[in-house]
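A look at the structure
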Amino acid sequence: MENVSQQFDIIVIGGGPAGYHFANLAAKKGFLVALFEEKSLGGTCLNEGCIPSKALLKSAKIVDGITNSEHYGISVGDFSVNQESVILRKNEIVSKLVMGVRGGLRKNKVKLFFTHADILKKQEGLYYVSSNEKIYSAEKLIIATGSKVFIPKIEGVEFGLQSGFVLTSTEILNLDIIPNRLVVIGGGIIGLEMASYFASVGSAVTVIEAAEKTCGLLDNEISSLLVKNLSKKGISFVLNAKVSSINDNGITYIKDDQTIDLQCDKVLLSVGRVANVTGFGLENLDVEFTNRGITVNECMQTNDSSVYAIGDVNGKVMLAHTAYREAEVSFNHIINNKDVLDYETIPSVLYTSPECAWVGVSEEDVVKKSLDVTVKKLPMIYSGRFVAESSGVDGLCKIFIDNKKNTIIGAAILADGASELIVAISNLIIMQTPIDKINSLIFPHPTVGEIIKDVLNS
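Quick summary incoming for the structure in this document. (Residues numbered from 1 in each chain as written. Predicted model: local features only at pLDDT ≥ 70, side-chain atom pairs only at ≥ 80, totals over all residues. Heavy atoms only, no water.)

**Brief notes about the state of the cysteines**
In a disulfide, the sulfur atoms of two cysteines are held together by a covalent bond. Rules: A pair of cysteine sulfur atoms is labelled a disulfide when the two atoms are within 2.5 Å.
The final tally for this structure, using the stated rule, is 0 disulfides. Here C356 is not cross-linked by a disulfide; its sulfur's nearest cysteine counterpart is in C215, at 7.4 Å.

**Notes on the environment of G272**
As a reminder, the rule being used: Labels follow the DSSP assignment, with helices taken as runs of H or I lasting at least four residues and strands as runs of E lasting at least two, numbered in each case from the N terminus. Here the term buried applies to any residue with accessible area under 20% of the maximum for its type, exposed to any over 50%, and partly exposed to those in between, with areas from a 1.4 Å probe on protein chains only. Note on contacts: a residue pair qualifies if any of its non-hydrogen atoms lie within 4.5 Å across the two residues.
Examined against the element boundaries, G272 turns out to sit in the loop between strand 15 (266-269) and strand 16 (273-275). Residue G272 is classed as partly exposed on the basis of its relative accessible area of 35%. Residues within four places of G272 in sequence aside, it is in contact with V149 and F150.

**Here we look at the layout of surface pockets**
Where empty space is left can be seen by rolling a probe of water-molecule size over the atoms. Threshold: We place a 1 Å grid over just the protein atoms. Points where a 1.4 Å probe fits but has no way out form a cavity, open points with protein on both sides within 12 Å along at least 5 of 7 lines form a pocket, and any residue with an atom within 4 Å of a point lines it. Grid points are joined across faces, edges and corners, and a volume is the space filled by probe spheres set on the points. When residues are grouped by polarity, Ala, Val, Leu, Ile, Met, Phe, Trp, Tyr, Cys and Pro land in nonpolar, Asp, Glu, Lys and Arg in charged, and all others, Gly among them, in polar.
Taken as a whole, the second largest pocket holds about 700 Å³ of empty space. The wall of the second largest pocket is formed by 25 residues, among which D64, G65, N68, S353 and D416 lie closest to the centre. Residue assignment for the lining of the second largest pocket shows that the elements contributing at least two residues are helix 3 (50-67), helix 7 (189-200) and helix 8 (220-232). If you tally residues by element for the lining of the second largest pocket, the top one is helix 3, at 7 residues. Tallied by class, the residues present in the lining of the second largest pocket amount to 6 nonpolar, 11 polar and 8 charged.

**Observations regarding the packing of aromatic side chains**
Put simply, the test is: The pairing test for Phe, Tyr and Trp rings, Trp by its six-membered ring, is centres within 6.5 Å, and the orientation test on the planes gives stacked under 30 degrees, edge-to-face over 60, and tilted for anything in between.
The full count for this structure, using the stated rule, is 9 aromatic pairs. When the centroid spacing of 5.9 Å and the interplanar angle of 85° are considered together, the rings of F31 and F331 count as edge-to-face. Here F31 is found in the loop between helix 1 (17-28) and strand 2 (33-36), whereas its partner F331 is found in helix 9 (residues 320-334), with 300 residues between them in sequence. On the basis of relative accessible area, F31 is assigned to the partly exposed category, the value being 26%. On the basis of an interplanar angle of 85° and a centroid distance of 4.9 Å, the ring pair of Y197 and F198 is categorised as edge-to-face. For the pair Y197 and F198, one class covers both residues: buried. An aromatic cluster of three or more residues is present, and its members are F8, F36, F113 and Y136.

**Considerations on the pattern of salt bridges**
Threshold: For salt bridges, the criterion is a side-chain nitrogen of Lys or Arg within 4 Å of an Asp or Glu carboxyl oxygen.
Enumeration over the complete set of coordinates arrives at 14 salt bridges. Note that K398 is salt-bridged to E221, the shortest N-O span being 2.9 Å. Of this pair, K398 sits in strand 23 (residues 396-402) while E221 sits in helix 8, and the two are 177 residues apart along the sequence. Accessibility expressed as a relative area gives 1% for K398, which makes it buried. We classify E221 as partly exposed; its relative accessible area is 31%. The partner of K398 in a salt bridge is E363, with the nearest N and O atoms 2.3 Å apart. A residue pair is termed long-range when its members are at least 10 positions apart, and K398 in strand 23 and E363 in helix 10 (residues 363-368) qualify at 35 residues. You can call E363 partly exposed: its relative accessible area is 26%. Here the salt bridges share partners, and the residues they tie into one network are D219, E221, E363, K377 and K398.

As C-alpha cells, this is what we get:
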C-alpha cells in the first residue's frame with residue numbers, strides 16, 4: 001500500500017492497562033511499537049474506574065473512622081466533607097499516575113499517538129491503520145480498545161443522561177456535590193462501591209437490583225452479610241426489582257407486581273459494561289466478534305493469527321489485573337514462550353467498607369457441580385487483630401478445599417483488608433500448595449491473615 005508514513009513491528013490500539021502493558025513488554029524486547037490512544041493513557045481503570053474510585057473510598061474510610069471514633073475512646077466534634085476537595089485530590093492522583101504511565105512508555109521508546117485510529121485492511125501480511133490522515137502499518141495488531149458503559153432501555157434514561165440527573169460511573173466520579181438522595185440502579189461492583197462512598201459522606205442511598213442478590217458472582221452468604229453491613233450504614237436495598245422509568249425527580253420501579261415511585265436528587269446508572277468492538281474499523285478484518293467481545297483463544301489470539309485482543313474488549317473478565325495478565329500471555333505467545341491464563345484463579349474485589357474478595361469456586365459452584373469439596377469458614381472475630389481494629393463489622397472467611405488434592409480451590413472473604421488477604425489465598429491456589437504445607441507456614445502475629453490457618457484447622 002502506498003503513502004505509508006511509518007511501518008512498525010506491532011501496532012497497539014488502546015492505551016488502557018492491557019494496551020500500555022503490552023506495549024512496554026514488547027518495546028523492552030526490541031520491537032518497534034506504536035500505541036494509539038484517543039483519550040487518556042490508563043484507560044477506564046486509571047481515569048474512570050479503579051484508581052479514582054479508590055481515592056474517593058479512602059476519604060469515606062476516614063469519615064467512617066471519625067464517625068465511629070467513640071468506639072475507640074476518641075471524641076470528635078463536628079466535621080464536614082468538602083466534596084470539591086475530595087474530587088480535586090482524586091484528579092491530582094489520576095494525573096500523577098497517568099504521567100507515570102506516559103513516562104514509562106517514553107522510556108521504553110514506544111511511539112505514542114494521542115489520536116483516534118481506524119483499521120483499514122490487511123494486505124500481504126501487513127495491517128494498515130489510519131490516523132490524522134496518515135497511514136501506518138505493522139506485522140501484528142493488538143486490539144485493546146476496552147469497554148464502555150452499558151445503557152439499558154429505560155424510559156427517560158437518555159433525557160436523564162443529557163440533563164445530568166442520571167450519571168454513569170464516569171460522571172459520578174467527578175460529582176463535586178453530595179446529593180441528599182442518591183438512587184443506584186445496579187448492585188454490582190461499581191454501584192456498591194459508589195453507594196458505600198456516598199452513604200459514608202452523607203447521602204441517603206437506595207440500591208435497586210434486578211437480581212435476587214447483589215454482585216452476582218459473589219458468594220451468596222457473603223453477599224447477604226455484605227448487605228447487612230451496608231444496611232447499618234443507612235443504605236437501603238431493593239432486590240428483585242426492575243426500574244421501569246426515570247423522570248425529572250426520581251425513578252419508578254416494579255417489585256412483586258407493584259409499581260413504586262421513588263424520589264431522589266441524582267441517579268447512578270451502573271448495570272454493567274460492554275466491549276468496544278465498533279468505531280475503529282474492526283469490521284474491515286476477518287476477525288470474529290460479537291456484541292460480547294472479540295473471540296480469542298487461550299493465548300488471546302483471534303482467528304487471524306497475527307491479531308490479538310486483550311483486556312475488556314475480548315469480554316472475558318473485565319478487570320484491570322486480568323488485562324495485565326492477558327497482555328503478558330499474548331506477548332509471550334508472540335515470542336514463543338508458553339503461557340496460559342487460568343481465569344479460575346483470578347481474584348475479584350469489592351472495595352466497599354467492609355471489603356469483599358473472592359477467588360476460585362464458590363459454595364454455589366460446589367452444589368451445582370457436585371464437587372468433592374470441604375467448605376470451611378469462621379467469623380472474622382476469630383482474628384484478634386481484626387477485633388482490635390474493627391468496629392461493628394460482621395466479617396467472614398470461607399475457604400473451599402479439594403478433598404482429592406487436599407488443596408485450596410476457592411475462597412470468599414468479608415472483612416476490612418479482604419483485598420490484601422485474597423492475594424495470599426489466590427497464590428496458594430495457583431501454586432496448588434497442599435494444606436499441610438500451608439499449616440507449616442509462619443504467619444506474623446497478630447495479623448488478620450492468621451485467619452487463613454485458623455479456617456483450615458477449624
